[in-house]
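# Commentary on secondary and tertiary structure
So the chains spell out like this:
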Amino acid sequence: MRKIAIVGSPNVGKSVMFNNLTGSYATVSNYPGTTVEVLRGKARIGSEEFEVIDTPGMYSFLPITEEERVSRAIILDEQPCVILHIIDAKNLERMLPLTLQFLEAGLLVILVLNIIDEVRDLGINIDVLHLEKELNIPVVETVSTTGEGMDILKGRIEEHVKRFC
Amino acid sequence: MLKDFAKRIGYDDPLEIYLSRIESLLLSDYKITKRAIAILLLQEDNEMLDRIKDKEKERAEEILKVIQEAKAHYSHPLSYIISLRRQKETNRISQAVMSFKKAGKVSFSERLSKIMMNPLTGGPILLAVLYYGLYKFVGTFGAGVLVDFLEDKVFGNYVNPFVTNLVSAAIPLKIIQDLLAGEYGVITLGVRYAFAIILPIVATFFFAFAIVEDTGYLPRLAMLVDQLFKKIGLSGRAVIPLVLGFGCDTMATMVTRTLPTKRERIIATLLLALAIPCSAQMGVILALLEGRPLGLIIWLGVIFLVFLIAGYLASKIMPGELPTFYMEIPPLRLPQFSNIFRKTASRLNWYFWEILPLFLFASVLIWLGQITGIFNFLVKILEYPIGWIGLPPQAAIAFLFGFFRRDYGAAGLYDLKKAGLLSGNQLIISCITITLFLPCIAQLLMNVKERGLRMGIAISIFILFFSFSIGYAVNLILTLLNLQL
Amino acid sequence: MLSEQAEEILEALWIQTEEQGAKPLDLGASRDEPAVEELVNLGFIRRDLGHIHLLEKGKSHAAGCVRRHRLAERLLVDVFDIKKRIIDEVSCKFEHLLHKGLEDNVCTLLGHPKSCPHGKSIPPGKCCSLKKDKRLLKIIAPLSELRAKDRGQISYLQAKDKTQMHKLIAIGALPGVSITLMQRFPSCVFKIGQSQFAVDKELASAIYVRLTR
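Residues numbered from 1 in each chain as written. Chains lettered and ligands numbered in written order. Predicted model: local features only at pLDDT ≥ 70, side-chain atom pairs only at ≥ 80, totals over all residues.

### Points about the overall build of chain B
Summing up its helical and strand segments, chain B has 23 helices and two strands in all. Projected onto the principal axes, the alpha-carbon positions of chain B cover approximately 85 × 55 × 55 Å. Long-range contacts, defined as pairs at least 24 residues apart, comprise 74% of the intrachain contacts of chain B with a sequence gap of at least 6. (Helix = DSSP H or I, 4+ residues; strand = E, 2+ residues; numbered from the N terminus. Contact = placed C-beta atoms within 7 Å.)

As structure tokens, this is what we get:
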């Protein structure tokens, strides 16, 4: 079974995304570091079933905490065919360095701009097409807690798998 | 399946040269690009270093030499240089794609956040959260209204008489009858406790905790208490497992994994086992001290003092680096009720599958201990320390049960109180001692699982002596001051 | 005013005897330097059998030389971003320009740094103990010493070790980033971009901010 790894900084909504994709329940809270263990579930996207892996938050590809080491090991050793990099969209400047590190490593990344509703509330606009062109990877906007953008995300995953896996 | 056409940033000249020199020395397959490996190596990633030593053998020496050369070239650590370059690129991209339509005004949640983090207003807010969340909702509603209903009405009137009748009709053997439906029977006590007392208390606690968690209050609390926590060898981050401990110490011990250093994890585990009463235990203690506000204050004061003293001593004794505190403060958010219900349900689910079997197992052990006489023997031994702290010998059995299940212990004391065997002083001393006394069997097992056998046992032995010493000290002070409460 | 050579000798002598606690300096080849004579005449050093000893009177001057050298290094690395290879060469010349008033101004500009880029401590000057009253002069200061609502750009990081540096990099506190201090008690709360972080005083004092007014 092909694997999808959900990665990103702490407290950006990785576990909610995991719950949305798999229909199971991983504990979700509003503080960094809720997930301390790797969680696995299954998700059907299009006609294919995937193993979805929820990882503890990582700030950088160069690990300092035990959880970051665990998350990196998943990426290095399990060779997921899709890396969903979830970011808190209002903090693009802080979150993109990790995306750049994934791209440096040649990983197959889909960038998920999560919590996009808070970006709108702050009066910020993000030009997604421009960002896709800059990075040359798919970029999707979501609000994981309401499910907004999930259909588009699944569509992009399907497309991505067809092209690269 | 490496993707080569995606965006890739360039570093400045000397760094690029070092990178390509390292890349040309990496001949094995790493599943990620050699460039990424080289970048990690330049940043002194020890895990990667071990990997290349393993895979590149003799070339590893050469690679190490290049790394040394690169490091000597710059006056800052290379991880800093590399991060700066990435941040520069990130800033360029962000500025290109982000536009600000209007200046955001200070929102209500932002103002609330400030009030929560201000030490002057944050204190009263904490007290309000504790009073309404813990005392009113969990204590009065969960441990009061719900427990009364389930225990007296459902179990007292229906389940217990039904089970007792059924068992005595169906099973002739007295011993088996006792196991299932006796004073400490698996069903009449084990299941009754689980469903009529623990379930409502723990469920209301988890529910309240979930609300507090999802608003984002906890990181703000962590920020407020950090300086105090530094004195006991922890950082503010430890507030999350410690608060969860008021619900279930066993679960909280598992959550200590989020603490960054081993030293902090051990201190937090010790404090959870010693000075944080779980909700089940607290429910019974509140009932024990009902109508004795002074007793409640002394109990609270002593437990809080012990928490600080034990933490302070532990932080002095334990070797290791001092904790640093850094934590993102997420925006305050309105909790989603669906998530709160799911989270409460998922935690209760965990609780019942992990803890309940142990509780039933404990009931069986108690039953076995009683019919074999081992318990009587242990009770006789325990009567000595019980005597030293000024309690009647009958309290020994409550303490023994307290080890198997904290709430049993407190419940045993409740029975003594009802029988009029405890004076006011004795009541307070026993409440203090049993709160501090050994963790329940589930927590002991979790301590061993998370901290290792030696540390788990060491913590238990320390607590055994410490709890009785405190009981002794409180008794002594009350006697010397000639106080009758 | 001392000659440049005399300052270099005082510096080397101070590092060897005061900082490393080693034996007095062997004069070796510089036996006949006029600078040695100069220092002896001033009563800063004592000479015997090819060795020189730092005297009480010379100590404060020597510490001042070391201080100027290390301040020069900080200035060159943090503000001018000069490469490590040439830093020694440049700072050796630069330090002699940092006299009297200028030295304290540079120190204040840099936020009274405690160590040089090589991690050695900088002997404190008069301005360092007066800094509470002179905060208006300050241009760069550690985050822990700013007032709530002060804003600026991170100028440099002065982490005590690699882990601390990585923590700061992890939360995105990098030079060039705009930062606002929101609160300083009981912990420092600052805002970078749209996110807020709480850190303890120790971590906050590693972030040096160039204030904007």
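### Looking at the overall build of chain C
Within chain C, the secondary structure is distributed over eight helices and nine strands. Within chain C, the fraction of its 213 residues that count as buried is 40%. Considering only contacts within chain C whose residues lie at least 6 apart along the sequence, 61% involve residues at least 24 apart. (Buried ≥ 20, exposed ≤ 12 C-beta atoms within 10 Å, placed from the backbone.)

### Remarks on the interface of chain C and chain B
Contacts between the two partners involve 28 residues from chain C, matched on the other side by 23 residues from chain B. By residue class, the composition of the side of chain C that touches chain B is 15 nonpolar, six polar and seven charged. Note that strand β2 (residues 326-329) of chain B and strand β8 (residues 195-199) of chain C share four bridges and pair antiparallel. Counted as the bridge partner of I329 of chain B is Q196 of chain C from β8 of chain C. (Nonpolar A, V, L, I, M, F, W, Y, C, P; charged D, E, K, R; others polar. Pairing = 2+ DSSP bridges.)

### Some points on the domain arrangement of chain B
Partitioning chain B into domains gives domain 1 (13-93) and domain 2 (109-485). A straight line from the C-alpha centre of domain 1 of chain B to that of domain 2 of chain B covers 50 Å. (Domains from an automatic or database assignment.)

### Description of helix α22 (residues 441-451) of chain B
Residue and element names in this part refer to chain B. Of the positions making up α22, those classed as buried are A442, Q443, L444, M446, N447 and R451. Buried-residue contacts for α22 involve α12 (249-255), α13 (262-275), α17 (356-372) and α23 (453-480). Within two residues after α22, G452 carries a phi angle of roughly 95°, on the positive side.

### Some remarks on the nonpolar core
Formed by 228 residues in total, the largest nonpolar core has its most connected members in I6, I83 and L84 of chain A together with L41, V202, L271 and I432 of chain B. The dominant element in this core, judged by the number of residues it contributes, is helix α9 (residues 186-215) of chain B, at 19 residues. In contact with V202 of chain B, other than residues within four places in its own chain, are G247, C248, S279, A280, L348 and Y351 of chain B. (Core = buried A, V, L, I, M, F, W, Y, C linked by C-beta atoms within 7 Å.)

### Observations regarding the packing of helix α1 (residues 4-19) of chain C against helix α2 (residues 34-42) of chain C
Residue and element names in this part refer to chain C. Packing of α1 against α2 leaves a shortest axis separation of 8 Å and a crossing angle of 70°. With respect to α2, the element α1 is oriented roughly perpendicular. Taking contact as the criterion, the partners of Q5, A6, I9 and L10 in α1 are, on α2, A35, V36, E38 and L39. Classifying every residue of the contact of α1 with α2 by side-chain character gives six nonpolar, one polar and one charged. (Axes fitted to C-alpha atoms, helices over the stretch in contact; angles between N-to-C directions. Parallel < 35°, antiparallel > 145°, perpendicular 65-115°, else oblique.)

### Section: the domain arrangement of chain C
Reports often express the size of an interface as the amount of accessible area lost when the parts come together. Here the domain parsing of chain C yields domain 1 (1-138) and domain 2 (140-212). Taken together, the residues that form the side of domain 1 of chain C that touches domain 2 of chain C break down as three nonpolar, two polar and two charged.

### A short note on the sheet that holds β8 of chain C
Pairing is antiparallel in the open sheet, where seven strands are placed in the order β2(B)-β8(C)-β7(C)-β6(C)-β5(C)-β9(C)-β4(C). The sheet is open, and its two edges are formed by β2 of chain B together with β4 (140-142) of chain C, each paired on a single side. Strand-to-strand, the axes of this sheet are offset by a mean angle of 40°, without reference to chain direction.

### Comments concerning the confidence of the model for chain B
Across chain B, the average pLDDT comes to 86, with 96% of residues at 70 or higher. Within chain B, the element-level pLDDT minimum falls on helix α20 (residues 406-418) of chain B, averaging 74, and the maximum on helix α10 (residues 217-231) of chain B, averaging 94. (pLDDT = per-residue confidence, 0-100.)

### Description of the sheet that holds strand β2 (residues 39-45) of chain A
In sheet architecture, strand pairing relies on hydrogen bonds along the backbone and comes in two forms, parallel and antiparallel. Residues and elements named next belong to chain A. Read across the sheet, six strands follow the order β2-β3-β1-β4-β5-β7 without closing on themselves; strand pairing throughout is mixed. Two strands close off the open sheet at either side, each with one partner strand: β2 and β7 (139-141). Each strand of the sheet is rotated relative to its neighbour by a mean of 25°, with strand direction disregarded. Taken together, the four bridges between strand β1 (residues 3-7) and strand β3 (residues 48-54) define a ladder with parallel strand orientation. Paired with I6 across the bridge in β3 is D54.

### Points about the interface of chain A and chain B
Contact residues are listed per partner, giving 44 residues for chain A and 56 residues for chain B. Counting residues per element, the ones that place at least two in the side of chain A that touches chain B are α2 (66-78), α3 (92-104), β6 (124-126) and α5 (128-135) of chain A. In terms of residue count, the dominant contributor to the side of chain A that touches chain B is α3 of chain A (seven residues). Of the residues contributing to the side of chain A that touches chain B, the split by class is 25 nonpolar, 13 polar and six charged.

### A closer look at the confidence of the model for chain C
All names here are of chain C. Looking at chain C as a whole, its pLDDT mean stands at 80, while 86% of the residues score no less than 70. Across chain C, the element-wise mean pLDDT spans from 68 in strand β1 (residues 25-26) up to 93 in strand β7 (residues 188-192). Of the two predicted TM-score estimates for the complex, the pTM is 0.80 and the ipTM is 0.90.

### Some thoughts on the packing of helix α2 (residues 34-42) of chain B against helix α3 (residues 46-56) of chain B
Residues and elements named next belong to chain B. Between α2 and α3, the shortest axis-to-axis distance is 8 Å and the interhelical angle comes to 120°. With respect to each other, α2 and α3 are oriented oblique. Where α2 crosses over α3, the handedness of that crossing is left-handed. Taken together, the residues of α3 that come into contact with α2 (itself represented by I37, L40 and L41) are M48, L49 and I52. Classifying every residue of the contact of α2 with α3 gives six nonpolar, no polar and no charged. (Left-handed = near helix turned anticlockwise from the far one by under 90°.)

### Quick look at the pairing of strand β5 (residues 109-114) of chain A
Residue and element names in this part refer to chain A. Burial of β5 is extensive: five of the six residues sit out of reach of the surface. With six bridges joining them, strand β4 (residues 82-88) and β5 adopt parallel strand pairing. Residue pairing for β5: L84 is matched across the bridge by I110. At this point the chain moves from β4, through α3, to the parallel β5, and the crossover so formed is right-handed. Sheet topology note: the β5/β7 ladder contains three bridges and is parallel. Looking at β7, one finds that V112 is bridged to V140. (Right-handed = clockwise from strand over helix to strand, strands pointing away.)

### Notes on α23 of chain B
Residue and element names in this part refer to chain B. Over its 28 residues, α23 extends 41 Å from the first C-alpha to the last, a length consistent with the 40 Å expected when each residue adds 1.5 Å. Residues of α23 that are buried make contact with α13, α15 (293-317), α21 (424-436) and α22. Note on α23: the residue one or two positions beyond its end, N482, has a positive phi of about 55°. (Expected span 1.5 Å × (residues − 1).)

### Quick look at unusual backbone geometry
The residue after F185 of chain C, namely P186 of chain C, is reached through a cis peptide bond having omega 0°. Secondary-structure assignment places P186 of chain C in the loop between β6 (178-183) and β7. Despite not being glycine, Q79 of chain A has its phi angle at roughly 45°, a positive value. When you line up the elements, Q79 of chain A lands in the loop between α2 and β4. Positive phi, normally seen in glycine, also occurs at I115 of chain A, with a value near 55°. Mapped onto the elements of the fold, I115 of chain A is located in the loop between β5 and α4 (116-121).

### Some thoughts on the environment of T479 of chain B
Along the chain, T479 of chain B turns up in helix α23. Between the alpha carbons of T479 of chain B and K71 of chain B there is a distance of 68 Å; along the sequence they are 408 residues apart.

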